[in-house]
Structures are given as structure tokens and as C-alpha cells.
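Residue-level listing of the chains:
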Amino acid sequence: MTNTNSAWSSRRRLARIRCLFESIRCFSEGKALPECLCYIPAEVEYQSQNRSVVKLYQDVQKSSKKVGEITLTNESRLVVSGEEYCNSQGKWLKVRKFRSCPSGEYVTYDSDAWVLQYSSKTASDDPALQILPSNTLDKNRKHSDSWEDAVEQHFAGQFLTRRVRLADSDVSAMSCLREIPAGWTLEGDEELVRLMSQHIPPDNDHLGSIKSFVESVDVSSCCDDEAGPSCLTDADPDTYWESDGSQGNHWILLKMKKGTVILKLQLTLDGSDDNYLPARVIVQGGEQENLRALRTLVLDWEVKDVEDITILENMTEHFPIIMILIKECKAGGIDTRIRGIKISSSEGRYLGFDRDFFKGENLVRYPKLEPYPPDQLYRRSLLLQRLMVILDSVLPYIVPAWEYSIGSYSSLELVRQLLPLSKKRLNLIETFIKESSSERPAEIPKLFINRRAAMEHRCSPTQDSDFRNTIFLQIYEGLKPRDRTAKPLNYRWTSRYEQWWECKFMSEGVIDQGGGFRDSLSDLAEELCPMSADKPLPLPFFIRAPNQLRDDSNVNKDVYILNPACKEFAKYEWIGQLMGACLRGKENLILAFPSFVWKRLAGETVSWSRNFNTVDAAEVTLIDSMETIEKDQFLILGRTWSTVLSDGTAVMMKVDNQGNPLDLMYEDRKEYCDKVRKIRMAESDEQLEATRKGLLKVVPQAVLDLMTWQELEHRISGDPDISIDDLKRSIRYDDVEETDTRVKFMWESLKNFSTEDRSRFLRFVTGRRRLPAPVHISSGKGDSIDCLPESSTCANTLYLPNYTSAKIAEEKLRYASYNCMDMDADVNPWDE
């Protein structure tokens, strides 16, 4: 790698960073995104790899009128519009002109003529046309059709020494792509991303093995038999393939199974291999005798430890042969070492989000999108995806993995809700979590918990103002260091450390192998945010939000907020540490916070009308309406210069000589409204700051900067909506079949359960109140019929008895879910 190449790469990277920041500014000011980001060439020339007959359609539907056909050969040229169009049938190209041979004349198509390049079906069912943009095969590359080149040239300016000539642009198509729909705001983009992120196909589960996708692997050479190609596919990073040959002539050839379309191809490298590491890699694909370059990768970063380096991703067609060429090695090394190959593949060709995706039932849950036609949403989605390509290409430099603890990366704050479309972000988050982890304690702390005393306290919290008997305080005190040499827990463990403490439940003969620990977390969460709205609060840290007290249909009626009057900041900090441990691991601490609180914890910007209404919707409505109210209506309110916090505390803003709030005058109402908004939104600032301080002791700041508040809630508290489909994905059957009558009765029962019922059921079986949680179904113990079910939270297992009807099964399952929570070996709580 020369200094010139490095400088060129740096300038291109700088251009992309400039484009990203300019785009963020456009979002902030409500302006159209940069024109270069919307670049569309006026025409793109295609050529065919094989002889084929192509049908031309009048419209982008196979059912539309056929307007002709053309025969493609490797000498013919097909010129199409640069604006691509994808719908539910596949990817369409609009034909401009065609010539059959280099010496022939172009036939121009003035009326619409469309050709289907890629079908939405799998490659084996409906093969793609083997036509490719001519410039991808042009070694000299005289011009570029790439919007990424347009971005780099615009934002690098005179600093980009290697310039290519951009093809003429399609001004009309670019204008449509860049247009901001009427009434559109950043909230629309955020809602669009939420819709899209719910339908991004997951990676294939078989990342550790390529046998599902590859028929054979061949390599250029091996230094010995033990370092051969089998070391690439054994999923063992301690073994490796090492080449033996002349510099720049090493290769790996993958013969792909028919129909495989690569979503991600990775090489596993080890930083300790030093100059054996590849420095320049070329990936080719196609038929054996007709390979073309798919990607050239220059590894201009340092590989640390063992890492998976992505060399190819998001392909939209099947390539029979994938050739990986290692052209250069680090520091001029002669031979190379590769520790492994990983592949993820879709079942078929993934064309992204087509135009037909943005209509019908897909929009039901996204009311902000429903007024807009599918074409507008489709174009906006294309633009957002382009922006995410730019972001992903520079994300490691904006948020460097080696400096994850330096502070907040506020530059991405405005577009936080767009980040779920990023393909690099989650891997970066996991890297931060891994790099910041510490060794687990030498031995698991042992706690002695009296749950019966805690239950008595819940029934009458006023009898113990110090809440000494709560599960919360028993755990809090039990985890304190016992002597000066002992260190407090730091909670920065890896997800493999699944049990943070061991519970000895007094008067309950149980050996805690994980179920008791999870049960203690559920008990602690139930004390902090009780599921029942009519029970007294056993702890002072959180209070019911004003929305819980309103008799209306507000969707935030079950939420809690941090108590403005509680000054136990050390305990808030510990709660934050527990939240951080849950984020790092596999456990949940179910805290029913409104989005206002989760946003504050994540570091996102909050607003009065959009966010505080999840705390006190009635007050938001009143204050907002007061600014525009008529004077006679205002006088009826009889408002003074005071407001009431969520905990009932009155705050005086302007008082008379006796300390009583002054009457509010009509002309002062706007000043009053501004002060109320400021006071109410800051009412729990101290408590939030203490909780966030504890969270940041466990989780690096960069992790929170790259997460949305929804992801933060899900990682800490799980999914509040326990659907039947989600439950079915979590359940495994041990010694019963899915067709068993007992299992059918169970599912009939669960379908009739409310969300709270299912949460109780989940806790009865696993000790967890939310998904994700593994659930195993086994046959009941003994031959009893119509008895209560048993469970083992340590094994996440439900022992399902025989029932004579679905109704009885529902009654028994619901009763057990609500009443059989104590683990007692002396008295069987499941006996009737």
C-alpha cells in the first residue's frame, strides 16, 4: 500500500464525512438533502454475458402489454434509464435504445418499454438476466454512473486527485428523488425507518459453517497438509490456511450451491499473524471462465485479536463461482494466513424495499406514513438507504472502536432514530461492549433473601418506612463489600456470565442454579414498578406517572417515573448499574418507563408536546391550549403562578409578601407556559442523572450514542408485547409433540390470555416477565389429570399435565401463573 493510495482513501473518506454532516444539517433545517446524494445518471449502458431473448413490457408488470422483444449477445448494447424501479415482481429497467452489434445503429424507444432484470423469486426459480452495466467490465473506466463517486467528487473538491468523469445526470429523476413530500418532517423519516427496520431480513443462522451454501473449496497452495483449506471451514479460529507460493498469486475459490445469493462474506483474521495478514483483496464472481470484479478491498486498518472482516455483502444475484484473490499482504509479506470463512445468505435475491412494500397493511401501524403515496415513500426510502451507506463507510472513524470511552458523539444525535438502518452499527456496539468487559468475580456472591418478609412489606409499606424487608434492600445490602480489601461489583461482565449472585431463599428449600437469581430480579422489578395499578408502592424510587391516575384511554397508563422527592442517589446509581448489566447480558429488569424517561437515559433530545405527554398528557394539552385560549375562557381557569409536580409537590413561581402565588394575568400566560414546561420536564433531573451515572459505569457512552431509546428499553427490559408468534418462536418441545392435545390446549389458553397474563405465565416458567426467554415444554409429572401445572425456573421448563378440556387448561394455567410463584421444597405449592 503506497502513501498515495492511503492519501486518496483518506480524502474520499473525508468527503463522505462532510456529506454525512451536511445531510444532518439539512435534517435540522428541514431542507432537501445534498443534490449529489441524489445523483441519477441519465443513461446506463448494459451488455449481456450470455445470449438471451428479452421481452419488453409496456408497464412495470408482467401482465402488461408486450411491446416487443430483443436478442441480447455479448456484442449488443442496451441503454436504459438511470432511474431503477423495483416492485413486488422484481427490478425493472426502462429501455432507451438498443443496438445488436458495435457497427449497428441504435434503435430508439420513444414510448415506454420495460425489461425485468431481476425477479423477486429465487434465482433457481426465475434466473436473472445476465446483463451488467458496461462500465463494470471496462478496465479503463472512462466514466462513472455511481452516486457514491458523485458524493466524493462534490465534497472532496480539488483535494480528490483521482477523478472520474460522471455520466450526465437525469435532472428530472434527481429532482423527484430529492423532493421533500408536502408536510414531511424528520418524524416522517423516523417513522419510515421504524417500518423498514422491522422488515430487514436477519442474517442466516449458519454463519459458523459454509456447508449450506458452498459445494467445494479450493485454494492456490498450502504450506503443509495441516494448514489446508479444511481449516477455513472448521469454525475454529485457532486453525488457519497458510499459502505457499509467490507474492500476489494466492486465491480461494468457492463453488457456490445453486441459487445462493450472498448477503455477507467474511474472512476471519488474527492480528497476531502480522505480515501474513492480507492487505489488498479482490473478490470476483461469475462463471468459471467469465469472472468479473465485485469488490476491491484495501485493509488500511490494524486488525486486533481475531476479527471477522466483511469482504462482500448485499449481493442481488447468484454467482456460481466466488474467487477471493489476495494480491498484497501486510508490510510486503509473501504468504498469507486466513483463519476462516463465514457466509450469510438469503433464501433468494433480496432487492431491498420495493415500491409495493409501502402500501396496504404494512402502513397500518404507522399513521404518519398513510397519507403519502407509495412512490413518495419508496423514493424517500432509497435516499435514506443511500445516507446509511455513507454512514456505514465512515462510522468506525466517527466513533472509533479504540476510543469508545472518550465521550459523547453528539454529531449523530439528530439522526439517532435513523440508525437502525445502519449495517455496521450493531457490530460496533458489540465491539464496545466486548472491549469494555471485565473479568467476572472469583466467586458468586451468596445472598440470603426473606421473600415472606418482603411480601408482608408489600401488603403494608407504611409499617416499614426504611423498606428494610424489601427484596431490593436485601440484595443491595447483601452485595456490599464485606471488608476493606473486597471490591464492589462493577457489573461489566460478558453475556456468558449468566448468574450474578446466588439466592438462598429463607424457609424455601431450593438450590439456586439460575432460576432463583432470575426470580430475585423479577421480584426486585415488581417492587420498583408494580404491575398492578391499585397496590401501594413498596419503594420510594419511582412513582406512578400522572397518566396512570387519569380516567382516559391514554396508552401510557401503566408507566412510572423517577420520584422528584426521593434523594437516595446512591440507590438510583445502583439501579442504573443493574440496567447496564442487563444491557450487557441476557437478563431483563422490567421497568415500565415512558418514552420520555428512556429518551433521557439514552441521551436523546426530548420535547414537551411529543415526549412529556407520555408522562402527563392532560397537563401538556392544558398548557399548550392556554397559549391560544380566549380571555374569557382563560379567566374561568383561575390560574396562579404555580404548578404541581408529578409527586404532588406545589412549586411557586411568583409569590406575594405572604408567600402565596400571585394570580396569573392573561397577558403573562405565554411566559407562564414556558416556565411550567421547563419546571415539569426537569422535575426528575437529579434522579435521572444519578441513574444514568450508574448506567455509564457499566456501559460505555458510545454504546448509548449508537442506540435508540427503543433499543435501550428492549435490551434492558425486554419486549413488553408478548405475542403468540413471539412465544412460539421461544418455545422448544422436550418429550411432547406440538400436535399433542396438551400443547393444543395450552395454545388455546394463551391466545385468550391478556398481555399481563402472558407475562405472569412467562415468569411462572422462566422467572422472567418479558421476552426474550427460552421456554421448554415437557410432559407433566405423574398421571394426574386436570391438576395445576408445575415449572422449573432453573430449567425454564413447564411440566404440562393432561386436561379434559381447553377451558380447564386455561383456568389451571392462569391460576398457576398468578399464585404458584414460591419455590418451596417442603410444601408443594402445586398441590391442590
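Residues numbered from 1 in each chain as written. Predicted model: local features only at pLDDT ≥ 70, side-chain atom pairs only at ≥ 80, totals over all residues. Heavy atoms only, no water.

Identification of the chain as E3 ubiquitin-protein ligase HECTD3 from Mizuhopecten yessoensis is taken from an unreviewed UniProt entry.

Q: Before we go on, may I ask you to explain the overall build of the chain in this structure?
A: Assigned secondary structure in the chain consists of 22 helices and 31 strands. The buried share of the chain, taken over its 832 residues, is 51%. If you sum the accessible surface of the chain, you get close to 39,200 Å²; carbon and sulfur atoms cover 47% of it. (Helix = DSSP H or I, 4+ residues; strand = E, 2+ residues; numbered from the N terminus. Buried < 20%, exposed > 50% of the residue type's maximum accessible area, 1.4 Å probe, protein only. Areas by Shrake-Rupley, 256 points an atom, 1.4 Å probe, with all protein chains shown as cover.)

Q: Just checking my understanding: could you explain helix α3 (residues 147-156) for this structure?
A: Turn by turn, an α-helix covers 3.6 residues, leaving residues three or four places apart pointing in a common direction. Counting buried positions along α3 gives eight out of ten residues, so the element sits mostly inside the fold. What α3 keeps buried is the set Trp 147, Asp 149, Ala 150, Val 151, Glu 152, Gln 153, Phe 155 and Ala 156. Sitting at the head of α3, Ser 146 places a side-chain oxygen 3.1 Å from the backbone nitrogen of Glu 148. Following α3 by one or two positions, Gly 157 adopts a phi angle in the positive range, close to 60°. (Polar contact = N/O pair within 3.5 Å; in protein donor to acceptor, adjacent residues only side chain to side chain.)

Q: Hey, could you run me through the pattern of salt bridges in this one?
A: In a structure, side chains of opposite charge can pair up when their charged atoms sit close to one another. With the rule as written, the count across this model stands at 53 salt bridges. Glu 84 is the partner of Lys 91 in a salt bridge, and the nearest nitrogen-oxygen pair spans 3.2 Å. The class for Lys 91 is buried, based on a relative accessible area of 11%. A residue is classified by how much of its surface remains accessible, and Glu 84, at 41% relative accessible area, is partly exposed. When the shortest N-O distance is used, the salt bridge between Asp 273 and Arg 337 registers 3.4 Å. With Asp 273 in the loop between β15 (261-270) and β16 (278-287) and Arg 337 in strand β20 (residues 337-338), the pair connects residues that are 64 residues apart, well separated along the chain. A single burial state applies to Asp 273 and to Arg 337, both of which are buried. Among the charged side chains, a salt-bridge network with shared partners connects Glu 242, Asp 270, Asp 273, Arg 337 and Arg 339. (Salt bridge = Lys/Arg side-chain N within 4 Å of Asp/Glu carboxyl O.)

Q: Where do I start with the nonpolar core in this structure?
A: Here is a general trend for soluble globular proteins: nonpolar side chains tend to be buried in one another's company. Counting 144 residues, the largest nonpolar core has Trp 500, Trp 501, Leu 528, Phe 541, Phe 542, Met 579 and Phe 593 as the members making the most contacts within it. Take this core: its biggest share by element is eleven residues, from helix α6 (residues 374-398). Other than its neighbours up to four places away in sequence, Phe 593 contacts Cys 529, Phe 542, Val 559, Tyr 560, Leu 562, Met 579, Trp 598, Leu 601 and Glu 713. One finds Phe 213, Val 281, Phe 319 and Ile 326 within the second-largest nonpolar core, a separate group that totals 32 residues. (Core = buried A, V, L, I, M, F, W, Y, C linked by side-chain atoms within 4.5 Å. Contact = heavy atoms within 4.5 Å.)

Q: How should I be thinking about the sheet that holds strand β14 (residues 250-256) in this particular structure?
A: Within a sheet, neighbouring strands are paired by backbone hydrogen bonds and run either parallel or antiparallel to one another. A sheet is described by the order of its strands in space; here five strands give the open sequence β12-β14-β19-β16-β17, paired in antiparallel fashion. For this open sheet the edge positions go to β12 (214-219) and β17 (290-298), each flanked by a neighbour on one side alone. The average angle at which neighbouring strand axes cross in this sheet is 20°, direction not considered. Across six bridges, the pairing between β14 and strand β19 (residues 321-329) is antiparallel. Each residue of the ladder has a partner; that of Trp 251, found in β19, is Leu 325. (Pairing = 2+ DSSP bridges. Axes fitted to C-alpha atoms, helices over the stretch in contact; angles between N-to-C directions.)

Q: Any chance you could explain the environment of Lys 423 here in plain terms?
A: Secondary-structure assignment places Lys 423 in the loop between α6 and α7 (425-435). When its relative accessible area of 40% is taken as the criterion, Lys 423 is described as partly exposed. As for Lys 423 and Ser 393, which are separated by 30 residues in sequence, their C-alpha atoms are 9.8 Å apart. Leave out the neighbours within four places in its chain, and Lys 423 touches Glu 313, Asn 314 and Asp 392.

Q: Is there a simple way to think about the confidence of the model for the chain in this case?
A: Scored by pLDDT, the chain comes out at a mean of 85, with 88% of its residues at no less than 70. Mean pLDDT across the secondary structure elements of the chain bottoms out at helix α2 (residues 134-137), with 52, and peaks at helix α16 (residues 685-698), with 97. Predicted confidence for residues 122-128 stays below pLDDT 50, and this span has 15 contacts to residues more than four positions away or in other chains. Within the model, pLDDT remains below 50 along residues 821-832, and this stretch shows 34 contacts once partners closer than five positions in the same chain are excluded. (pLDDT = per-residue confidence, 0-100.)

Q: Explain unusual backbone geometry to me, please; I cannot follow it from the model alone.
A: Trans is the common state for peptide bonds, and a negative phi is the common state for residues other than glycine. Its identity as a non-glycine residue notwithstanding, Asp 274 has a phi of 50°, on the positive side. Among the structural elements, Asp 274 can be located in the loop between β15 and β16. In the Ramachandran plot, Phe 467 falls in the positive-phi region, its phi being about 45° despite a non-glycine side chain. Classification of Phe 467 by relative accessible area gives buried; the value is 7%.

Q: Just checking my understanding: could you explain the packing of aromatic side chains for this structure?
A: The geometry of an aromatic ring pair is captured by the separation of the ring centres together with the interplanar angle, meaning the angle of the planes. Scanning the entire structure with this criterion turns up 26 aromatic pairs. Centroid distance Phe 541 to Tyr 572: 5.7 Å. Interplanar angle 75°. Geometry classified as edge-to-face. A residue pair is termed long-range when its members are at least 10 positions apart, and Phe 541 in the loop between α10 (515-528) and β24 (542-544) and Tyr 572 in helix α11 (residues 569-584) qualify at 31 residues. Judged by relative accessible area, Phe 541 falls into the buried class, the value being 0%. Lying over the aromatic face of Tyr 106, Lys 97 brings its terminal NZ or CZ to 4.9 Å of the ring centre. Here the guanidinium or amino end of Arg 337 rests over the ring plane of Tyr 276, the centre of that ring lying 4.1 Å away. (Phe/Tyr/Trp six-rings, centres within 6.5 Å; stacked < 30°, edge-to-face > 60°. Lys NZ or Arg CZ within 6 Å of the ring centre and 35° of its normal.)

Q: Please explain α6 as it appears in this structure.
A: Under the 1.5 Å per step criterion, the end-to-end length of α6 is 34 Å for 25 residues, consistent within 8% with the ideal 36 Å. The sharpest bend along α6 comes to roughly 35°, located at Asp 392, with the proline Pro 396 sitting one to four residues further on. (Expected span 1.5 Å × (residues − 1). Bend = angle between axes of the 7 residues up to and from the residue.)

Q: Before we go on, may I ask you to explain the packing of α11 against α16 in this structure?
A: For any two helices packed against each other, the geometry comes down to the angle between their axes and how far apart the axes lie. In contact at an axis separation of 6 Å, α11 and α16 are set at 40° when each is read in the N-to-C sense. In terms of orientation, α11 and α16 fall into the oblique class. Where α11 crosses over α16, the two elements pack in a sense that is right-handed. Two secondary-structure elements touch here, α11 through Phe 569, Tyr 572, Glu 573, Gly 576, Gln 577, Met 579, Gly 580, Ala 581 and Arg 584 and α16 through Glu 686, Gln 687, Ala 690, Thr 691, Lys 693, Gly 694, Leu 695, Lys 697 and Val 698. (Parallel < 35°, antiparallel > 145°, perpendicular 65-115°, else oblique. Left-handed = near helix turned anticlockwise from the far one by under 90°.)

Q: Honestly, the packing of helix α12 (residues 595-602) against α16 in this entry has me stumped. Any pointers?
A: Close contact between α12 and α16 brings their axes to 9 Å; oriented N to C, the two are set at 50°. Put simply, α12 runs oblique to α16. Handedness of the crossing formed by α12 with α16: right-handed. Within the contact between the two elements, α12 uses Val 597, Arg 600, Leu 601 and Ala 602 and α16 uses Asp 685, Leu 688, Thr 691, Arg 692 and Leu 695.

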